Every structure is written in structure tokens, then in C-alpha cells.
Amino acid sequence: MKEVEHIIDLLEKSRIAFEKSDSATLKELSDQTIHTSSIEQDPENATVAVIIYALSKVVERPDYRESPNWERFYKNILKETSHLILALKENNIKEIRTHLKLVRKSISDLSGNLKKNIEEVLRKAQVNKASKIYAHGLSREKTAKLLGVTSWELADYIGEKELEENKLGKTMDVRSRIKMAEEIFHG
Amino acid sequence: MDKKILIFDASPIITLTMTGLLEEFKRLRDSSNVQFIITKEVHSEIVERPSQIKRFELEAIKAKDLISKGYLEFPEKVGVSDRAISELTKDVLNLSNKAFKANGKDIHLIDLGEASCLALSKILRDKGIENVTVIDERTTRMLCEAPEKLGDLLQKKLHSKITWDKKYFDDFDKIKIIRSAELMYLAYKKDLLRLKGKEVLEAVLYAVQFKGCSIPEEEIKEIVRKG
């Protein structure tokens, strides 16, 4: 895992922000991993970004805390984040992967509506992070594979969000491109 | 009659499926002698992967139907083997993923499906077969048409010093690229949308934009003005 010290710092700050239910800080911390994820293309790094972003969305919903599963979920997240930080400090890649999986598992082990809700939050977090990495210049397919989503999921999200980036992507006069299309069909 | 070929990346097939424009796509194929080709790498993106996800299973079935009915064909139909494409795809990936560096480190920009389209385009060009590649996603198009602008975009977004080497782009700039937006413009001109009026054209162009076709609003307006 690349830039380990930076990730440890992010996770430590994220753990505190999660305890305080500080959504804004969690989102900001999640975005800090995007530049690194775009360059290093390290799946673990990208997963950390997704998890932190998902937690930012979870703490925005006070109703989730009413669920009977909440206490177990909350404790598991804090416990696994601590284990993850320890594994990072020891630079133990096998343990890092195990604890990233356990963070995800603490979600899939839930039941009822909280499970459904948080799984949906995670899925949306993956697509959100993917769209940000795509905005940083990686291709759609490359981004989708890095984040473990499909190009189909990204297409929908990117279409909504990409309006500004579209201007940066202009590479040819549209009339010339139409001519190219007409030539192949009629030429 | 000389062969003419459109090579499809996954992105325009995704756009047209999600906008419900596959019938118009089929009419466009039926109205011309242009063959529509996908590589096996693109097939994986539009059929194999989505068919494993309930949320996109229907779209995968629709894409598969395009193949079974011959609207989309594989490169062997035009005399190009999968092996030849796979070999050149590796070279394309190697070149494209070494072209840009952030703080001295290679940035891997594109993946197999996109690279396979560029590889097939080059193989066809070398055989003297006229071809155009249809790509809705922005990065691969910029890599071919304006790598310096892609470098600027990367620098702006990554807040890192980006360097790029022109020697990697010699072959890419010969690749002709259009998007689903231009295809739907042609469908409109040929009356294949079966709805008339500039507002129809405008609606179709915004529809493809909102499902991932990388086209700025000013270009949509210009196409509508051209009508």
C-alpha cells in the first residue's frame, strides 16, 4: 500500500470523526485519498476512500442509530479501523487486506433494514469515488476496475456530474467530427 | 464494395442501451453497408460483467441480442483474429500507460477494452480498411486527439507535475473517433428517429450526454443549429 503514513493519518482522523459523527470532516478526508488513488491505482487505497466516504453518509443519518444492530456495527467499525491502522503501521499487507475485508464484513453481517441501507450507501460511495477518479483523468473502464464497479454504473453517474469536465475534454470542432461520421456512412 | 467499419468501445453501447436508443442504432446499421464491430474485450464489458449483476442483467441481455442478431460482429468477420488484437492491445497499453508521468511515476490511463479498440483500428488501417472508432468516454479520445490537453487536465486535477512524451502518440493521432452523439445525429438526418423536429434532436443529444457521452453543451447547441 502506497503512502502508508498518509493513510494512517487519514484513518486515525476518520476514526475520531466517526466517533463524533462529523460527516463533513469524513468527506474531506475521503477526498484526500483521491489524488493518490488516481496516480498509484492501489485498490486498497481506493477501498479506504470508499469506506471513509460511506461512513460520512452513515453518520448523516441519525435514524440508523435507532436500529437494534447499530451498536454492534459502530463497535465493529471502530475495532476494525484500529486493527487496520496497526496493520498499516506494521506494513503487513496481508493483515491490511484482511481488516479491509472485515470492515466490509461488519456491514454484510448486519441484518434487516440497516444492512440494506448501509450496503446501498457503500455501493453509492464506490460509484461516487469512481466518478471523482474518472474526473482526475483515468478512463472509464480503468476507473471502474479500480473501484470494483461496472462501467454501466459509472455511465449514469458520470453523465450527471461531468458537465464541467466535458468542456475540458473538447478536442475537435464538432462539425469536423460530424463530417467524419458522414464520410464513413456515405463517403 | 470496399469494407467500412465502425469499431465500438463499450461506452457508446452503454449510452445507447441506457437511453433506449437501440432501435435507432439498429436502423442505422440496417440503412448502411458499414459493419459494426466489437472486440472480445469490449464484449466482456458489455455482456459478461453486467450479466453477473442483477441491476444490469437486462442491459447485458439487450447487448447480447445485438450480437446474436448480427448488429454487432466480432473482428474475425472482417478477417482479424483475436490473437492479433490481443498482441497489439498489449503494445497499446504499454505505450499509453507509459506516456504520462506524475512526479516521475507512470499513470495507467486506459484499460483493455479501450486499448483493444485502438489496436483493432490500427490493424484495419494497416490492411487498408476504412474505419472509425466510436468512443463516448473522454480519456481515450483525448489520448488520441489531444494528448497535450489530457496532460493539462491531469496536471490540473492531480495537482502534480505531469510530464508526457510525444514519441508515444505517433500512431494514436491517426485514429478517427466519433461518439454516440454523432451517430444519433446521422440517425436524425436519415429520419431513423421517426420523430421530427429540432427539439427531438436536442432531446436525443442531451439524453446521450446524461448517460455518459462526453459532449459539451456548446457542441450540442452547435449540432442542433446545424440540424
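Residues numbered from 1 in each chain as written. Chains lettered and ligands numbered in written order. Predicted model: local features only at pLDDT ≥ 70, side-chain atom pairs only at ≥ 80, totals over all residues.

Examining the environment of T19(B)
Residues and elements named next belong to chain B. To be explicit about the condition: For the purposes of this entry, the term helix denotes a DSSP run of H or I that reaches at least four residues, the term strand denotes a run of E that reaches at least two, and both are numbered from the N terminus. The burial label depends on the number of other C-beta atoms within 10 Å of a residue's C-beta. Counts of 20 or more mean buried, 12 or fewer mean exposed, and intermediate counts mean partly exposed, with C-beta atoms placed from the backbone. Residue pairs are scored as contacts if the distance between their C-beta atoms, which are placed from the backbone, is within 7 Å.
In this fold, T19 is placed in the loop between α1 (10-18) and α2 (22-30). Classification of T19 as buried rests on a count of 23 C-beta atoms within 10 Å. Considered as a pair, T19 and R194 are 175 residues apart in the sequence and their alpha carbons are 16 Å apart. T19 has contacts with A207, V208 and K211, leaving out every residue within four places of it along the chain.

Things to note about the nonpolar core
Nonpolar side chains in soluble globular proteins generally cluster together in the buried interior. Our working definition: Remark: nonpolar core denotes a set of buried Ala, Val, Leu, Ile, Met, Phe, Trp, Tyr and Cys residues whose joining runs through C-beta atoms within 7 Å.
Core analysis: the largest hydrophobic core is formed by 125 residues, its most contacted members being V50(A), A54(A), L6(B), F8(B) and M184(B). The residues contacting A54(A), other than those within four sequence positions of it, are V121(A), L122(A) and A125(A).

Some thoughts on the confidence of the model for chain B
Keep this limit in mind: On a range of 0 to 100, pLDDT expresses the predictor's confidence in each residue.
Taken residue by residue, chain B gives an average pLDDT of 94. The fraction at 70 or more is 100%. Model confidence for the complex: the whole-complex pTM is 0.89, and ipTM, which rates the interface, is 0.92.

Section: the interface of chain A and chain B
Bring the parts together and some accessible area is lost; that lost area is often taken as the interface size. Using the following cut-off: Only Asp, Glu, Lys and Arg are considered charged in this grouping, and only Ala, Val, Leu, Ile, Met, Phe, Trp, Tyr, Cys and Pro are considered nonpolar; every other residue, Gly among them, is considered polar.
On the side of chain B, 59 residues touch chain A, which itself brings 38 residues to the contact. Of all elements in the fold, only α3 (34-40), α8 (140-147), α9 (151-161), α10 (163-168) and α11 (174-186) of chain A reach the threshold of two or more residues within the side of chain A that touches chain B. Ranked by the residues each element gives to the side of chain A that touches chain B, the list is headed by α11(A), at nine residues. Here the side of chain A that touches chain B is built from residues that sort into 14 nonpolar, twelve polar and twelve charged.

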